[in-house]
Amino acid sequence: MLSPKALSSSFSHFLKRFCFVAILASFVLLLLSGYAASKLYERHVVRLAESNAVNLTEAIYTTYRTELNSALDSAPLLPPQLLKLNRTLRDFIQPYGIVKTKLFSPEGIIIYSTDLNIIGKDASANEMLKQAIKNGTSSNIQTKDQIRDLANETRFDVDVVESYVAMRDRKGGLIGIFEIYQDTSGFRGEIQQGIILFVGVLAIILLSVICTAFVFMRKAVKRMAYQQEMLEELATVDAVTGLYNRAEITRRMEAEWQRYKRSSSKQTSFALLMLDLDHFKKVNDNYGHLVGDKLLQLVAHRLMGELRSYSAIGRYGGEEFIALIPDISNAATQQVADRLQRLVSQSEYALFGHKITISISIGFAVAESTDINLDALIKRADDALYEAKRSGRNCVVGAAGLTSEESTAPSSL
């Protein structure tokens, strides 16, 4: 039996060892938690940055499809072409925190880079490039000792996410590959602050690790998600009118067409309306393109406000719009088209001190079982619009009534 003095010494020794083990265990757990949190955060950053890179690539290709195809087809680029492409892409990507970008041909040759000195080099042996060609994307995060940004300024100790994104045509053929560097250095300090808090508040270390990591990661996700939202909007919304762009409205029409074809009952159909402003060129010629764009915005706003919430409308080109209206009959479509035609044509638009009136021609078609595909339905609506134009404009023509004597009599502008 131990004496009180020995027992006290034993408990003291046990408490010291317990404290030592607890501190050591807490320190190890802190290191593991901090390491795991940093890796998890890094994974989220890479995934979100890669998603942003994919959306940005789609937005660039959607906006500058002609210029990029021309650059890939005519490589190597002559100095005037190269300078023009360089200026165009730099202006486009400047707001999104991009440090630099490259464009590769399908063979791995650098067609364009914000670092003009490396244009023409063969990068076909690059493993990340090979992975992107195979899988569509490839990304990793790196810390660069120094890097030159779009403003030709040298930055030191920079965290960047390097993403390779393959561009493919509708048949799946490889068009080219974009490499995009995104600066993520701004998030580094937040993680360091979190780790310092873990060490400083040892008594609640686990709670501090979880809560602080969650707060900082949530901030990072919200920031990156906001950028992603901006890029998606850029990829799906027309910049002038705020309506869906041609690619997005076509995708929605295709989805509605597939739903219609899968439906066991064809009693409920959907309609497409092709709408074209009459003599819009005169507005641009007489008042300038600024007034013309503003007029397009006002007309688009009125059209969108008149349609049902589950309908969709997009800018199909120039001054032409296309509207998708689900679950509607031919007679109801005629009523909607007449209402839209009157809404636009009977309104006066006050723009920059000018009072402008403009009419609109509308052709529509309702999906039928005889339509072999969506293109056939679009063509019927387009033919109806052509007939409205041919008949004098400022009127509505339905595809089903092109040869009928009951077609709406056109009135001239």
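Scroll up for the structure.
As the structure is a prediction and not an experimental result, all values here were calculated from the model. (Residues numbered from 1 in each chain as written. Predicted model: local features only at pLDDT ≥ 70, side-chain atom pairs only at ≥ 80, totals over all residues. Heavy atoms only, no water.)

A. Summary view of the sheet that holds strand S2 (residues 110-113). With antiparallel pairing, the 5 strands of this open sheet are ordered in space as S2-S1-S5-S4-S3. Bordering the open sheet on either side are S2 and strand S3 (137-148), each of which pairs with just one other strand. Each adjacent strand pair in this sheet contributes to an overall mean axis angle of 20°, direction not counted. Where strand S1 (residues 98-104) and S2 come together, 3 bridges link them in antiparallel fashion. Each residue of the ladder has a partner; that of Leu103, found in S2, is Tyr112. The strands that helix H3 (residues 79-93) touches are S1 and S2; relative to S2, the one it contacts most, it runs at about 55°. (Pairing = 2+ DSSP bridges. Helix = DSSP H or I, 4+ residues; strand = E, 2+ residues; numbered from the N terminus. Axes fitted to C-alpha atoms, helices over the stretch in contact; angles between N-to-C directions. Contact = heavy atoms within 4.5 Å.)

B. Examining the pattern of salt bridges more closely. Summed over the entire model, instances satisfying the criterion amount to 14 salt bridges. Two residues, Arg259 and Glu256, come together in a salt bridge whose shortest N-O distance is 2.5 Å. Remark: Glu256 and Arg259 occur in helix H7 (residues 246-262); sequence separation between them is 3 residues, near one turn of the helix. Of the residues examined, Glu256 reaches a relative accessible area of 11% and is grouped as buried. When salt bridges that share partners are traced, they join Glu248, Arg251 and Arg252 into one network. (Salt bridge = Lys/Arg side-chain N within 4 Å of Asp/Glu carboxyl O. Buried < 20%, exposed > 50% of the residue type's maximum accessible area, 1.4 Å probe, protein only.)

C. Just the side chain of Ser359, in detail. Turning to its location among the elements, Ser359 is positioned in the loop between strand S10 (354-356) and strand S11 (360-366). What makes Ser359 buried here is its relative accessible area of 2%. Reaching out from Ser359, the side chain makes a polar contact with the side chain of Asp278 at a distance of 2.7 Å. (Polar contact = N/O pair within 3.5 Å; in protein donor to acceptor, adjacent residues only side chain to side chain.)

D. Fine view of the side chain of Lys102. Mapped onto the secondary structure, Lys102 falls in strand S1. For Lys102, a relative accessible area of 11% translates into the label buried. Excluding residues within four positions of it along the chain, Lys102 makes contact with Tyr112, Ser113, Ile118, Ile177, Phe178, Glu179 and Tyr181.

E. Summary view of the pairing of strand S7 (residues 312-317). Of all 6 residues in S7, 5 are buried; the element is thus mostly enclosed. In this sheet, strand S8 (residues 320-325) lies alongside S7 in antiparallel orientation, the contact comprising 5 bridges. Considered in S8, the bridge of Arg315 is made with Phe321. The turn joining S7 and S8, which pair antiparallel and follow one another in sequence, is formed by 2 residues; a positive phi near 25° is taken by Gly318.

F. Quick look at unusual backbone geometry. Phi is positive for His279, which is not a glycine, with a value near 55°. You will see that Phe352, though not glycine, has its phi angle at about 50°, which is positive. For Phe352, a relative accessible area of 53% puts it in the exposed group.

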